[in-house]
Amino acid sequence: MSDRWYELENAAEVDSPALVVYPERVAENLRRMIAIAGGADRLRPHIKTHKMSAVVRMQVEAGITKCKCATLAEAEMAARAGATDILLAHQPVGPKIGKLAALAKRFRRTRFSTIVDDAGIARQLSATCHESGCSLDVLLDLDVGMGRSGLRQGAEAVKLYRAISRMPNLVPGGLHAYDGQIRDRDAAQREVACDAAMTPAIALRDQLVAEGLPVPRFVAGGTPTFPFHARHPDRQCSPGTCVFFDAGSRLSLPDLEFLEAAVVLSRVVSKPGKNRLCLDLGHKSVAADPVGTRVVWSDLPDATVIMHSEEHLVLETPQADSRPIGAVLYGIPWHICPTCALHAEAIVARDGRATGTWRVDARDRSCSTR
């Protein structure tokens, strides 16, 4: 593929700022994901990265029919796009409990599941599903070191899983373990950390199975630890970022051989001083996390950020004189997932031309189910 794969012959027709997606590169990333996992059936990609039904359809066409999501809007979008097994990896609370049950009842051909770490929420799910006349697979959410949600492996975790197995209209669905805290740049160190984090979780699974409880799935990891979980055929892998990839992953996870498949297109709107360019790419158009680098510019690798506000990004670069007002710049977002959520649609680029748009269908948190 060309080193300048991102350039659009008809960029003059594309308003800025814009999110641009390259389907051929997305398809190649899906092929690489399947190859690493050893089969499409072992994949449950996290669709929070793209939130696009067009990408879910690409996954389904490639044989990847399972997915993981963070919001009810993503779950509904995935069901509409043809996914047949959808995990809401976010413990539902408040109105979300009723809405999730409504989704399960509405999309009968889709298997819905969710995670819990609280017995009270499990009881509410059971009662709501019973009233709605549907059933729901429920996975026990484990805290394997991130400290964000889930139970530490131990007596409390065993007790909750036993309770789930006895609750009406709930099906014990297995274990969910996200190790997002593991991001060592060195792959060998990352693998050691991954194995250490998973050891108690595996012991818990073995204990549950020894008690005669069903543990039909073990959903583990994200993009950084994907290759290591893929080596264990008893795990479902949940990479997300690698569908589009991004600059942060490229620089911090050099062993992951995926293609950047989305860029932000921006224009110079002002030149506020020597060696400075002001672009129309504020933090309403590209993720404002993490602190520091937001975009890696393909043609301005030496550019440094001077200011980033709602609608503007000011760069300092010795190449400023060669970029007139109106010049188009292409950049790889540091963090693609929240960047996608800032755009209502993405420009679709094929064979070097902008050819249409894909809706970012699930950027809202609400869904149509009431």
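Structural data are supplied above this passage.
Procedures and definitions
Residues numbered from 1 in each chain as written. Predicted model: local features only at pLDDT ≥ 70, side-chain atom pairs only at ≥ 80, totals over all residues. Heavy atoms only, no water. Buried < 20%, exposed > 50% of the residue type's maximum accessible area, 1.4 Å probe, protein only. Helix = DSSP H or I, 4+ residues; strand = E, 2+ residues; numbered from the N terminus. Pairing = 2+ DSSP bridges. Right-handed = clockwise from strand over helix to strand, strands pointing away. 1 Å grid on protein atoms, 1.4 Å probe; cavity = no way out; pocket = protein on both sides within 12 Å on 5 of 7 lines; lining within 4 Å. Points joined across faces, edges and corners; volume = space filled by probe spheres on them. Nonpolar A, V, L, I, M, F, W, Y, C, P; charged D, E, K, R; others polar. Axes fitted to C-alpha atoms, helices over the stretch in contact; angles between N-to-C directions. Parallel < 35°, antiparallel > 145°, perpendicular 65-115°, else oblique. Contact = heavy atoms within 4.5 Å. Core = buried A, V, L, I, M, F, W, Y, C linked by side-chain atoms within 4.5 Å. Expected span 1.5 Å × (residues − 1). Salt bridge = Lys/Arg side-chain N within 4 Å of Asp/Glu carboxyl O.

*Asks:* Could you give an account of the pairing of strand 4 (residues 111-116), naming the residues involved and the relevant values?
*Replies:* Of all six residues making up strand 4, five are buried, and the element is well covered by its neighbours. The pairing of strand 3 (residues 85-88) with strand 4 spans four bridges and is classified as parallel. Looking at strand 4, one finds that Leu-88 is bridged to Thr-114. Chirality of the crossover, the property in question, places the unit of strand 3, helix 4 (residues 95-106) and strand 4 among those that are right-handed. As judged from the four bridges shared by strand 4 and strand 5 (residues 136-143), these two strands associate in the parallel manner. Opposite Ser-113, over in strand 5, you have Asp-137 as the bridge partner. Regarding topology, helix 5 (residues 119-132) serves as the crossover connection from strand 4 to the parallel strand 5, and that connection is right-handed.

*Asks:* Just give me the short version of the layout of surface pockets, but keep the residues and values in it.
*Replies:* Considered as a void within the structure, the largest pocket measures approximately 1100 Å³ in volume. Around the largest pocket, the lining comprises 48 residues; the ones closest to its centre are His-46, Lys-48, Met-146, Arg-148 and Tyr-178. Elements supplying a minimum of two residues to the lining of the largest pocket: strand 5, strand 6 (170-178), helix 9 (247-252) and helix 10 (336-340). When residues in the lining of the largest pocket are grouped by element, the largest group, three residues, is from strand 5. Looking at the lining of the largest pocket, its residues break down into 16 nonpolar, 18 polar and 14 charged.

*Asks:* Explain unusual backbone geometry to me, and be specific about the residues and the numbers.
*Replies:* Across the chain, the bulk of peptide bonds are trans and the bulk of non-glycine residues have phi less than zero. Cis geometry is found at the peptide bond from Ser-16 to Pro-17, where omega equals 0°. Summarising the element assignment, Pro-17 is placed in the segment before strand 1 (18-21). You will see that Asn-169, though not glycine, has its phi angle at about 70°, which is positive. Looking at the element boundaries, Asn-169 is found in the loop between helix 6 (155-166) and strand 6. Among the residues examined, Asn-169 registers a relative accessible area of 25% and is labelled partly exposed. Residue Asn-275 is not a glycine yet carries a positive backbone phi of 65°. Assignment of secondary structure puts Asn-275 in the loop between strand 9 (262-270) and strand 10 (276-279). Residue Asn-275 is classed as partly exposed on the basis of its relative accessible area, which comes to 24%.

*Asks:* Please give an account of the packing of helix 3 (residues 72-80) against helix 4 that cites residues and values.
*Replies:* When two helices pack together, their arrangement is given by the angle between their axes and by how far apart the axes lie. Running from amino to carboxyl end, helix 3 crosses helix 4 at an angle of 5°, the nearest separation of the two axes being 11 Å. Compared by their axis directions, helix 3 and helix 4 come out roughly parallel. Of the residues in helix 4, those in contact with Leu-72, Ala-75, Glu-76 and Arg-80 of helix 3 are Lys-96, Lys-99, Leu-100, Leu-103 and Arg-106. Of the residues that constitute the contact of helix 3 with helix 4, the class distribution is four nonpolar, no polar and five charged.

*Asks:* Requested: an account of the nonpolar core, with residues and values cited.
*Replies:* Grouped together as the largest cluster of nonpolar side chains are 58 residues, with contacts concentrated most on Ile-86, Phe-112, Leu-125, Leu-140 and Leu-175. Sorting elements by how many residues they give to this core places helix 7 (residues 187-210) first, with seven residues. The residues contacting Leu-140, other than those within four sequence positions of it, are Val-116, Leu-151, Ala-157, Leu-160, Tyr-161, Gly-174, Leu-175, His-176 and Leu-204.

*Asks:* Describe the side chain of Thr-241, and please don't skip the residues or the numbers.
*Replies:* For Thr-241, the position within the fold is in the loop between strand 8 (236-237) and helix 9. Apart from residues lying up to four places away in sequence, Thr-241 is in contact with Thr-49, Thr-223, Asp-246, Ser-249, Ile-336 and Cys-337.

*Asks:* Describe the sheet that holds strand 4, naming the residues involved and giving the relevant values.
*Replies:* Hydrogen bonds between backbone groups are what pair the strands of a sheet, and the pairing can be parallel or antiparallel. Taken in spatial order, the seven strands line up as 2-3-4-5-6-7-8 in an open sheet, and their pairing is parallel. Taken across any chain shown, the strands that pair with only one partner, and hence form the sheet edges, are strand 2 (66-69) and strand 8. Of the pairings in the sheet, the one linking strand 5 to strand 6 comprises eight bridges and is parallel in character. When the bridges of strand 6 are listed, Leu-136 appears paired with Leu-170. Strand contacts of helix 6: strand 4, strand 5 and strand 6, with the helix running at about 150° to strand 6, the strand carrying the most contacts.

*Asks:* Lay out helix 1 (residues 23-37) with the relevant residues and their values.
*Replies:* With 15 residues, helix 1 extends 21 Å between its outermost C-alpha atoms, agreeing within 8% with the 21 Å of an ideal straight helix rising 1.5 Å per residue. Considered for burial, the residues of helix 1 that qualify are Pro-23, Arg-25, Val-26, Ala-27, Glu-28, Asn-29, Leu-30, Met-33, Ile-34 and Ala-37. On its buried face, helix 1 is in contact with strand 1, helix 2 (53-61), helix 8 (226-229), strand 15 (345-350) and strand 16 (353-359). Positive phi appears at Gly-38, one or two residues downstream of helix 1, with a value of about 85°.

*Asks:* Tell me what's going on with the pattern of salt bridges, and back it up with residues and numbers.
*Replies:* A complete count under the given rule lists 22 salt bridges for this structure. As a salt-bridge pair, Arg-80 and Glu-76 come within 3.0 Å of each other at their nearest N and O atoms. Of this pair, Arg-80 and Glu-76 both sit in helix 3, four residues apart, roughly one helical turn. Note that Arg-106 and Glu-76 form a salt bridge whose closest N and O atoms lie 3.4 Å from each other. Taken together, the residues Arg-106 in helix 4 and Glu-76 in helix 3 connect sequence positions 30 residues apart. A relative accessible area of 42% places Arg-106 in the partly exposed class. Shared partners join several salt bridges into a network, and the residues in it are Arg-4, Glu-7 and Asp-299.

Take it as geometry only, folks, not as evidence of what the structure does.
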